[in-house]
Number of protein chains: 4
Amino acid sequence: MNSFGLRFRFTTFGESHGRAIGTVVDGVPAGLKIDEEFIQKELERRRPGQNKFTTARKESDRVEILSGVLEGVATGTPIAMVIFNRDQRSRDYSAIKELFRPGHADFTYQQKYGIRDYRGGGRSSARETAARVAAGAVAKLLLREFDIEVEAGVAEVAGIEGRELNFDYARSSEIMALDPQVEGEQKEAILKAKEAHDSVGGCVIVRARGVPPGLGEPIYYKLDAVIAEAMMGINAVKGVEIGAGREAAAMRGSDHNDQMGREGFLSNRAGGILGGISNGEEILVKVWFKPTPSIFQRQRTINLQGEEVSIELQGRHDPFVAARGAVVAEAMMALVLADMLLLGATSRLQSLKKVYNG
Amino acid sequence: MNSFGLRFRFTTFGESHGRAIGTVVDGVPAGLKIDEEFIQKELERRRPGQNKFTTARKESDRVEILSGVLEGVATGTPIAMVIFNRDQRSRDYSAIKELFRPGHADFTYQQKYGIRDYRGGGRSSARETAARVAAGAVAKLLLREFDIEVEAGVAEVAGIEGRELNFDYARSSEIMALDPQVEGEQKEAILKAKEAHDSVGGCVIVRARGVPPGLGEPIYYKLDAVIAEAMMGINAVKGVEIGAGREAAAMRGSDHNDQMGREGFLSNRAGGILGGISNGEEILVKVWFKPTPSIFQRQRTINLQGEEVSIELQGRHDPFVAARGAVVAEAMMALVLADMLLLGATSRLQSLKKVYNG
Amino acid sequence: MNSFGLRFRFTTFGESHGRAIGTVVDGVPAGLKIDEEFIQKELERRRPGQNKFTTARKESDRVEILSGVLEGVATGTPIAMVIFNRDQRSRDYSAIKELFRPGHADFTYQQKYGIRDYRGGGRSSARETAARVAAGAVAKLLLREFDIEVEAGVAEVAGIEGRELNFDYARSSEIMALDPQVEGEQKEAILKAKEAHDSVGGCVIVRARGVPPGLGEPIYYKLDAVIAEAMMGINAVKGVEIGAGREAAAMRGSDHNDQMGREGFLSNRAGGILGGISNGEEILVKVWFKPTPSIFQRQRTINLQGEEVSIELQGRHDPFVAARGAVVAEAMMALVLADMLLLGATSRLQSLKKVYNG
Amino acid sequence: MNSFGLRFRFTTFGESHGRAIGTVVDGVPAGLKIDEEFIQKELERRRPGQNKFTTARKESDRVEILSGVLEGVATGTPIAMVIFNRDQRSRDYSAIKELFRPGHADFTYQQKYGIRDYRGGGRSSARETAARVAAGAVAKLLLREFDIEVEAGVAEVAGIEGRELNFDYARSSEIMALDPQVEGEQKEAILKAKEAHDSVGGCVIVRARGVPPGLGEPIYYKLDAVIAEAMMGINAVKGVEIGAGREAAAMRGSDHNDQMGREGFLSNRAGGILGGISNGEEILVKVWFKPTPSIFQRQRTINLQGEEVSIELQGRHDPFVAARGAVVAEAMMALVLADMLLLGATSRLQSLKKVYNG
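Please read these numbers as outputs of a predicted model, since none were measured by experiment.

**Describing the relation of the copies chain D and chain C**
For these two chain copies, the linking operation is a rotation about an axis paired with a shift along it. Rotating chain D by 180 degrees and translating it 0.0 Å along the rotation axis places it on chain C, where the RMSD comes to 0.0 Å. Taken together, the rotation and translation relating the two chain copies correspond to the operation of a two-fold axis. Judged by C-alpha distance, Glu 229 of chain D is the residue of chain D that lies nearest the rotation axis, at 2.4 Å. Of the interface residues in chain D, 100% have counterparts in chain C that sit at the interface too, so the contact is made through matching surfaces.

Quick look at the structure:
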């Protein structure tokens, strides 16, 4: 269950403090140019330790392509990429080895498997998302060939909501902020929480443009359903909305329905998806992140023996994960769309004839 | 792409006004007692035409089990169930055949397939959800054997939010209301919209109790991710939240983390899921439904030729779909949990030994 | 596990003496004309009770299409087909209910599920293959659009081997014989076994012509591997060979390699598949059927309590199943090729561009 | 399509002369001890260059485990293993880059993908099977816990058939010969072909002992069907038989049926599988390998431009691949059984209760 996608399918492996993490991307159409530098750059967008709003922990995310590419071009065979964990010197895990950090997956992994890689969260660490970003970069290269663009940014931090959706601005913002007007206030909220040894949550908006109408596989691989799965599966995500989302529930049908004119839809409350299929409009998704569970205050928990203990984490952690989460959300959206693009190729007999009869 | 689940897997078929709809449920463990009457009752909970708050359209949902059951017991082979569409006399579809109803999947199906079953929405109709409820009923029978209970109800209608979560009350409420205090107000909002030939949306809450810790398959078949997929794939759903959900984003980590004591978790803001795996607490999910797209006001749209036209639907439709949607959400939750229960059986060598070595 | 195929995927359900058997075919490209009469005719080719070489048991195989077709055209939604078991009056199964028929799946189903539908073999009965033939007929309709033709016939009966591969002749032969020269001898062998209350086995050859080069998905969904799975999964099959097959093992490389000239391959010992991918030549597959396990002689077995008993079956059974098996093998080959056709549509970026960019 | 298995599922990647090959094994039950040395030893059994009967080409198959194992124990997360291709100095591929080697997948890869990794066969090279052997070694470690043993050996070389099935002897034989009586003759046949710059084929027999009755998932993931897929998917395999296999077709039912007594089956012509489900007897499979396509004689072929050319390969290749193929067949059988073991754990409600209710 470490794979995602049906036709454009990637598998990830690796633990936070193990030898390496990586991904195998299957289904990449042969002939696609694989820009290794682009993949590396995408990884660097996700990498922590770049400014004071995220963790000071350094991750060395140098990706190596092991297969599937010949002279810069995808051959149709699986593209394996690996990122070695350079910084895996033996540390002292005694503080967390025997107990369950609140808000973390320590307890549930122990319950499920009876064993748990306690080193930095093991597989449940957000470090695994680097592999998603690498796979997502390949997906983006494919989408580009069809003029499909995926972007994301932070709309809300600690309840402070922006109004503008400036995705260009977000790319250069240290916290991926979409609205320069509130960015300052949002940064301050992060720093304040950091000083209090605490953390904050936020909301990421993902946008996809240029998606052709017709993508999404009803009834059980709908575009919106798979986006919801992709987003909710990102570490720390607790809510996903499409288009007007939760707000739609308070509208009347006459306000919510997107009517149509000759030029297309007259509004986009649907967020680009109708009946689980793209309608050609912008796809807009809201992704809600909880505050980072790693905080540096004393908390109550239990140990492996079920005894009550208190824990006070040490170290370096993001006081705000949604900025890096935005890069992961972008990657997951690209991966979903790449998969849907491949799946959609056979929905009509006519399309199939184009492929085989030229 | 008309199947859902990996091990407890169901496939549905059928169009709103075709010959029949149905489902094939695969992976049901042999030996499970199949209570046909219970399945029928579940279908009746979803059936429209039962009161003035839903559509007056009658659907005859008489389920027939075609296979997989011998003398009331599942044999381990697929359980096929079919519901014939008794009421499929030829009607006059000329009003909708040539144009796209706003808020419906008419346009996107046409774009995807180049052909569309215009009769009552065809496959994109909510009628298909009857098949999910039938499959979900089998899942519930399985969950019962493990004392897992799934319930749902309506928390919010047209922006009117209840505070109480009385799932017992909801079962007997005509609108599946969770809070008797606001039910009257909520009903009034529905009727007002109905009189205005309009519709309203709402929020459903699904709760699962008795779920053992350890269910959910990281990293790409996480329990929360698959619940999100299952819920977002229900007709008219635009948002899904787990536990504190969207509200979590405005909290600090110190407020949001569920600390632990000897008796278990001291709070349940996580909604019963940590790292994509159940933690033994109640699973709580919010599902947001848009207002029914079928309204009886004049709307702008285009026809198959791309010409601007206006449409004014006639007939009988739900002014509020979330009440029936709650039954579907319950079914989907049961189906997800049944699948996870089967998947989880092999997560430990120890479990496997219990199975094979007695 | 009652589904086959990844993109052109069918699911079957039903027991020999249950209410109905049927299939749900998913992934049929929209726009394909569905010739219901053709499907019915394919079923009749498989139907027993048509001459003295097969069982005298009548099966009423009237197929009903329940969904997925509008005005004779596939809409892209699942095509469900059902065949009701008209002749399921309650019989006396006491002779077989409590014991395991040698050569049948009675023992293994009991071991696996702890319960077994003893009525006529239940799900393990060859009756289930009618559902495959119905699904296969839809696959054939798709293949026709690409001038791909699948045929099968009986090459060997009871060790009597034909030399000629006359697929046209086989269509009209009562035993699907490929070689009119040995057909008489083969028929005699069947009748002799029948008189001796015994049965015989045989070999079926399946041929596919017009298969474009490039079908098959390395490394683990190779065309030959999936054909092998499809054929070995047919009731009573114990061996599968591709091209020169077993004989290849006694050749030298210099004899076996198919060399190439301007016009293509100079020979076809590979049977149309190289490296798991079609090479444009005829695909040739040998399928070996064991003798029907249902014989009318006294045999030793045990009962549910593990006690030794003897059994002497009564009733009507095929003394030779390979003739009907040939029709099933044809269907399975068509289903594999249809799936590969869909899968292959996205192997190249260039193909994908043809689909989306016109 | 580079994954195999449903629950015990492995994915492979890598090309013959690329950076590395490897595998990701998913679904390994937590708690299984992972003996890295055993995995390495299995790889060495497959490695070429060990004696004069195989190629003199050296492959360095040093496996590195990248994830999924903590302190020698599987944690339930994916086990990634990589084998770097140390010996990938740039060579001169000009002799094969522009043309298609007879009997190889060069032509079909070019047809399918429009591009082909010409370096040593790329992905279609038997080098990929090292990854299967690594994954298979993990499967064997799991099977051991249930006392299931998988062995293989060479029964026939160049038409010279052994009679004895001495699997212990095979382990130490340079050509994996099962019958010491004919081994000398078989070796001679290989050397003769080698001297003639030619190659020979052969037959491998795989045996599994200790398989509990009840493994195999009807109707479309039958044990025999999946074994057939697994074996036919091995490079150079052209035929697969179960139990009496092809010989069964010439028997009468009364000779072929395995009757039962108090102690179990009185014979094992079925090869341990009935109705696609294991019956507790030994599983016996015959796998037929064609002669190695790489021969050092002049052959006719065409180049990328479709022009007729002749080719005379240089270098080092196996005159006989089935010996190494036997190790791969063993691995694939272990992988199939491991998958079936996991799948079978949920076939009965009773089993599921053992897992969850202790």
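Past the structure itself, the notes keep going.
**Comments concerning helix H9 (residues 322-344) of chain A**
In this model H9 of chain A runs 31 Å from its N-terminal to its C-terminal C-alpha over 23 residues, within 8% of the 33 Å that 1.5 Å per residue would give. Taking burial as the measure, the 23 residues of H9 of chain A include 23 buried ones, the bulk of the element.

**Section: the sheet that holds strand E2 (residues 9-14) of chain A**
Residues and elements named next belong to chain A. Pairing is antiparallel in the open sheet, where 5 strands are placed in the order E1-E2-E3-E7-E4. Here the strands that pair on one side only, and so sit at the sheet edges, are strand E1 (3-4) and strand E4 (63-65). Looking at chain direction, E4 and strand E7 (residues 79-84) are connected through 3 bridges and run antiparallel. Paired with Glu 64 across the two strands is Val 82, which belongs to E7.

**Section: the interface of chain D and chain C**
How big an interface is tends to be stated in terms of the accessible area lost upon association of its parts. Taken together, the contacts link 100 residues of chain D with 101 residues of chain C. Between chain D and chain C, a total of about 8,300 Å² is buried, with carbon and sulfur atoms accounting for 56% of that surface. Note that Lys 112 of chain D and Glu 217 of chain C form a salt bridge whose closest N and O atoms lie 2.8 Å from each other. Where chain D touches chain C, the interface holds 55 residue pairs in polar contact (both at pLDDT 80 or more).

**Brief notes about the confidence of the model for chain A**
Looking at chain A, the pLDDT average stands at 94 and 96% of residues meet or exceed 70. Of the two predicted TM-score estimates for the complex, the pTM is 0.97 and the ipTM is 0.97.

**Let's talk about the pairing of strand E11 (residues 237-242) of chain B**
Counting buried positions along E11 of chain B yields 6 of 6 residues, so the element is predominantly enclosed. Sheet topology places strand E11 (residues 237-242) of chain A next to E11 of chain B; 3 bridges connect them, and they run antiparallel. Residue pairing in the sheet places Gly 239 of chain A in a bridge with Glu 241 of chain B of E11 of chain B.

**Section: the interface of chain D and chain B**
The interface of chain D with chain B comprises 29 residues on the first partner and 29 residues on the second. For the chain D and chain B pair, buried surface summed over both sides reaches about 2,500 Å², with 64% attributable to carbon and sulfur atoms. The largest share of the area that chain D buries against chain B comes from Arg 7, Leu 349 and Tyr 356 of chain D, three residues that together contribute 26% of it. The interface formed by chain D and chain B includes 4 salt bridges. Here Arg 7 of chain B makes a salt bridge to Glu 217 of chain D, at a shortest N to O gap of 4.0 Å. At the boundary of chain D and chain B, one finds 14 residue pairs in polar contact (both at pLDDT 80 or more). Of all elements in the fold, only helix H9 (322-344) and helix H10 (349-357) of chain D reach the threshold of two or more residues within the side of chain D that touches chain B. In terms of residue count, H10 of chain D provides more of the side of chain D that touches chain B than any other element does, 8 residues in total.

Cut-offs and rules
Residues numbered from 1 in each chain as written. Chains lettered and ligands numbered in written order. Predicted model: local features only at pLDDT ≥ 70, side-chain atom pairs only at ≥ 80, totals over all residues. Heavy atoms only, no water. Least-squares fit on C-alpha atoms with pLDDT ≥ 70 in both. Contact = heavy atoms within 4.5 Å. Helix = DSSP H or I, 4+ residues; strand = E, 2+ residues; numbered from the N terminus. Expected span 1.5 Å × (residues − 1). Buried < 20%, exposed > 50% of the residue type's maximum accessible area, 1.4 Å probe, protein only. Pairing = 2+ DSSP bridges. Buried area = accessible area lost by both parts, 1.4 Å probe. Salt bridge = Lys/Arg side-chain N within 4 Å of Asp/Glu carboxyl O. Polar contact = N/O pair within 3.5 Å; in protein donor to acceptor, adjacent residues only side chain to side chain. pLDDT = per-residue confidence, 0-100.

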